[in-house]
Protein chains: 2
Amino acid sequence: MATRKSPLSLIRQHIRKLHAYVPGEQPRHRRLLKLNTNENPFPPAPEVLEAVRNAVDARLRLYPDPMSREVRGALAAFHGVAPENVVVGNGSDDILAMAIRAFVEPADSAAAQRNPSKGTIQYFDPSYSLYPVLGKIHKGQLRSVPLGDDFALPTVSELKAGGSWDFRAALSFITTPNAPSGRGYRTADLEAICRATRGVVLLDEAYAEFADENAMELATRYPNVLVSRTFSKAYSLCFQRVGYAVGHPELMGALDRIRDSYNVNGLAQVAAVTTLKHHHYYEQNFAVIRGEREKTSAALEKLGFRVYPSQTNFLLVEPPGMPAEQWFQQLREMGIVIRFFKTPGMDRFLRISIGSPSEMKRFMNGIRRILRESLQS
Amino acid sequence: MATRKSPLSLIRQHIRKLHAYVPGEQPRHRRLLKLNTNENPFPPAPEVLEAVRNAVDARLRLYPDPMSREVRGALAAFHGVAPENVVVGNGSDDILAMAIRAFVEPADSAAAQRNPSKGTIQYFDPSYSLYPVLGKIHKGQLRSVPLGDDFALPTVSELKAGGSWDFRAALSFITTPNAPSGRGYRTADLEAICRATRGVVLLDEAYAEFADENAMELATRYPNVLVSRTFSKAYSLCFQRVGYAVGHPELMGALDRIRDSYNVNGLAQVAAVTTLKHHHYYEQNFAVIRGEREKTSAALEKLGFRVYPSQTNFLLVEPPGMPAEQWFQQLREMGIVIRFFKTPGMDRFLRISIGSPSEMKRFMNGIRRILRESLQS
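1. Remarks on the nonpolar core
Phase 1 of the analysis: One finds L203, L300 and F363 of chain A together with L203, L300 and F363 of chain B to be the most contacted residues of the largest nonpolar core, which totals 184 residues.
Phase 2 of the analysis: With seven residues, helix α11 (residues 266-277) of chain A is the single largest residue contributor to this core.
Phase 3 of the analysis: Not counting residues within four places of it along the chain, the set of residues in contact with F363 of chain A comprises L33, L35, T296, L300, L331, I336, I338 and I352 of chain A.
Phase 4 of the analysis: L251 of chain A together with V87, A99 and I121 of chain B belong to the second-largest nonpolar core, a separate cluster that totals 68 residues.

As structure tokens, then:
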């Protein structure tokens, strides 16, 4: 291919300099124990697999329902809202990106020049690292607001005193429960922030199904609040890409007008609808995962790890004795892949997705072996 | 749900007024003959169905390859380019939207205020009606340039004389073969426009597999040209959402940095890779569809229809005797669904997707019955 002339000048300036979001690695070796991207250790319900398999026929030649009507209907019934309160996305990342496009003016637009809050995307630090990536793509004004000690949600008065929270920001993301810490937030505390904030607040509940409480009710009570959820984690459907948002019909209408008309593929729609029909299967999985989370947490603490309390399907820990990166490497050599964040401020932590009971046993054996070997040397 | 306060003011002004793209209807009644959205009448290759079915297992819980490496590798081999020349999308609509975001400044941005061409999205009229929809979502400056008589591609000197083509537009879409007319364009003529245009030219080849020639080589010879393709039409995979772009690595890198990390679902990746391994199956289908296209075209002309020459899997026609909308209605009453465009300038046309031989027989029988009945009345 001829590359005689660089077409760099054809690309928007702010995009030339972007770094892509770095997803956790997806190694495909079967022997590896993959505890790095918060996937669910259990397969989808047998009925879901069967329904998807049965849909793999001549219909693949046809467009899927562009409105995802069945999925939206099932989700509306599940959450006790109307289908107009629900928008479905190609994973919840699609929802997050749509929210930015619908509610935030690019920082160099006339509207944002007049009123900088109109161009502001704010989120707590640390939280889902995709927000600033999506914000930069859109040329939004990023505003990163520190969480309190041990990842606590600041109160409204703390936010007012701190001065870093923009109560008029066009869009505020709150990951709840928080990732990567796993810390859960009380609905009452979230509500106070939602009520005090004038712009759109998106409660990103990617892990809510593993928590003791969730804030879905706020999406139905506050016209500026929307809640996003995903089928990836709780419902073992990462591969299929289904996420959704619940909120006021006006906000949902805005997302709907800007989404790709066929954003949700047909087999994903089949999988999602069938999933909701077999919720009891998943509830059993949630209970097992929560149980393993607590067991692993206690076992790690006994071995000298600092373990942060988690309401998700993962644990954030500070390992003892040697740097987190070294733990990460030594586990990797044993075929156990967890998540290490090279980013400053996060590099003393390890994040461990909760696997099945036998996987967590293998993980703990690995941890113990490393500890034994480090004592001997 | 409480709706005490309208959150309209939270939505970006230009998005409040948007109309969503209206896709062709997707009726699900089995007896209907669906010739309205240019789907392929043939199912995917049996090997593709089998591969997808076999992939419906515990892996659904895992994230798909975020880089679509296997698909990109297979497409690169297929087109004789490098994987760096290929980006895969959630359907080719995803590619079109990404191109706008990567190359076009919103009209009210500082960059577009300084240089309006930087904010300009141009396309021929008529062509794919999604371009202005995507352009408005992005707040781009739309520039619609008329095609010549009978949907001919204007020459560069005509474009210069006409004054409506912006040779520095940030992004120019050319649907080739054209939709909704079906008219094919010569690569030499496209090349002349690509060479004379300084911005990015996206050749939207959604129907290229049904044409006598295609312009893929231009994507490898001009750093400002990219070609988009889709698995929907030629490869009977609408349901699964796979599209792609081929072009200079710098342009592809820009699309890659702004795309959703997991934009292409896992089963779609399996389907796409397997499709390319069984290309002979699809080539046979192309031949049948082209044959039916020519047969239907001749039969309709004999009955007094004006039929535009087509290089696609559909025909644009002007029906005789009564308004197009009336033909559309009467066919619908017989269970035959074709496409009627209510838009001004297009409302004398009907668009008919080419079905299987038996489907086209049923369609022609319907046409003849309407003609007979209108003679009797």
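2. Quick notes on the sheet that holds strand β6 (residues 200-204) of chain A
All names here are of chain A.
Phase 1 of the analysis: Overall, mixed pairing links the seven strands, which are arranged β2-β8-β7-β6-β5-β3-β4 in an open sheet. Across the chains shown, the open sheet's two edge strands, defined by having one partner strand only, are β2 (86-89) and β4 (141-146). The sheet shows a mean angle of 20 degrees between the axes of neighbouring strands, taken without regard to direction.
Phase 2 of the analysis: Bridge count for strand β5 (residues 171-175) against β6 is five bridges, and the pairing is parallel.

3. A word on the packing of aromatic side chains
Phase 1 of the analysis: Per the stated rule, a full pass over the model turns up 34 aromatic pairs over all chains.
Phase 2 of the analysis: Ring centres of F305 of chain A and W327 of chain A lie 5.1 Å apart, and the angle between their planes is 65 degrees; this geometry places the pair in the edge-to-face category. Within this pair, whereas F305 of chain A is found in the loop between α12 (279-302) and β9 (306-307), its partner W327 of chain A is found in helix α13 (residues 324-333), the two being separated by 22 residues in sequence. Side by side, F305 of chain A and W327 of chain A carry an identical accessibility label, which is buried.
Phase 3 of the analysis: Aromatic side chains F210 of chain B and F286 of chain B sit 5.6 Å apart centroid to centroid with 75 degrees between the ring planes, which places their arrangement in the edge-to-face category. Pair noted here: F210 of chain B is in the loop between β6 (200-204) and α9 (216-221) and F286 of chain B is in helix α12 (residues 279-302), with a separation of 76 residues, a long-range link. Across the pair, exposure class does not vary: F210 of chain B and F286 of chain B are buried alike.
Phase 4 of the analysis: Each residue in the set F210, F231, Y235, Y244, Y281, Y282 and F286 of chain A is aromatic and connected to the rest through ring pairs, giving one cluster.
Phase 5 of the analysis: The ring of F167 of chain A has K160 of chain A sitting right over it, with the charged end atom 5.9 Å from the ring centre.

4. Things to note about the pairing of strand β12 (residues 350-353) of chain A
Residues and elements named next belong to chain A.
Phase 1 of the analysis: Across the two faces of β12 the burial is the same, with L350 and I352 and R351 and S353 all buried.
Phase 2 of the analysis: For strand β10 (residues 314-318) and β12, the ladder comprises four bridges, and the chain directions are antiparallel. What sits directly across from L315, in β12, is I352.

5. Quick notes on the relation of the copies chain A and chain B
Phase 1 of the analysis: When chain A is fitted onto chain B, the two copies agree to an RMSD of 0.0 Å after a turn of 180 degrees and an axial shift of 0.0 Å. Put plainly, the chains are arranged around a two-fold axis. Across chain A, the smallest distance between a C-alpha and the rotation axis is recorded for S109 of chain A, namely 2.2 Å.

6. What to know about the domain arrangement of chain A
Residues and elements named next belong to chain A.
Phase 1 of the analysis: Split by domain assignment, chain A resolves into domain 1 (10-39 + 280-376) and domain 2 (56-278).
Phase 2 of the analysis: Look at where the C-alpha atoms of domain 1 and domain 2 centre, and you get two points 25 Å apart.
Phase 3 of the analysis: Facing 29 residues of domain 1, the contacting portion of domain 2 comprises 31 residues.
Phase 4 of the analysis: Here domain 1 and domain 2 share an interface that buries about 2,500 Å² over both sides, 63% of which is from carbon and sulfur atoms.
Phase 5 of the analysis: When residues of domain 1 are sorted by the area they lose upon contact with domain 2, Y21, Y282 and Q311 head the list and together hold 28% of the total.
Phase 6 of the analysis: Summed over the shared surface of domain 1 and domain 2, the number is one salt bridge.
Phase 7 of the analysis: Here D150 ties to R306 by a salt bridge, and the two come within 2.9 Å at their closest N and O atoms.
Phase 8 of the analysis: Here domain 1 and domain 2 share ten residue pairs in polar contact (both at pLDDT 80 or more) between them.

Cut-off values and rules
Residues numbered from 1 in each chain as written. Chains lettered and ligands numbered in written order. Predicted model: local features only at pLDDT ≥ 70, side-chain atom pairs only at ≥ 80, totals over all residues. Heavy atoms only, no water. Core = buried A, V, L, I, M, F, W, Y, C linked by side-chain atoms within 4.5 Å. Buried < 20%, exposed > 50% of the residue type's maximum accessible area, 1.4 Å probe, protein only. Helix = DSSP H or I, 4+ residues; strand = E, 2+ residues; numbered from the N terminus. Contact = heavy atoms within 4.5 Å. Pairing = 2+ DSSP bridges. Axes fitted to C-alpha atoms, helices over the stretch in contact; angles between N-to-C directions. Phe/Tyr/Trp six-rings, centres within 6.5 Å; stacked < 30°, edge-to-face > 60°. Lys NZ or Arg CZ within 6 Å of the ring centre and 35° of its normal. Least-squares fit on C-alpha atoms with pLDDT ≥ 70 in both. Domains from an automatic or database assignment. Buried area = accessible area lost by both parts, 1.4 Å probe. Salt bridge = Lys/Arg side-chain N within 4 Å of Asp/Glu carboxyl O. Polar contact = N/O pair within 3.5 Å; in protein donor to acceptor, adjacent residues only side chain to side chain.

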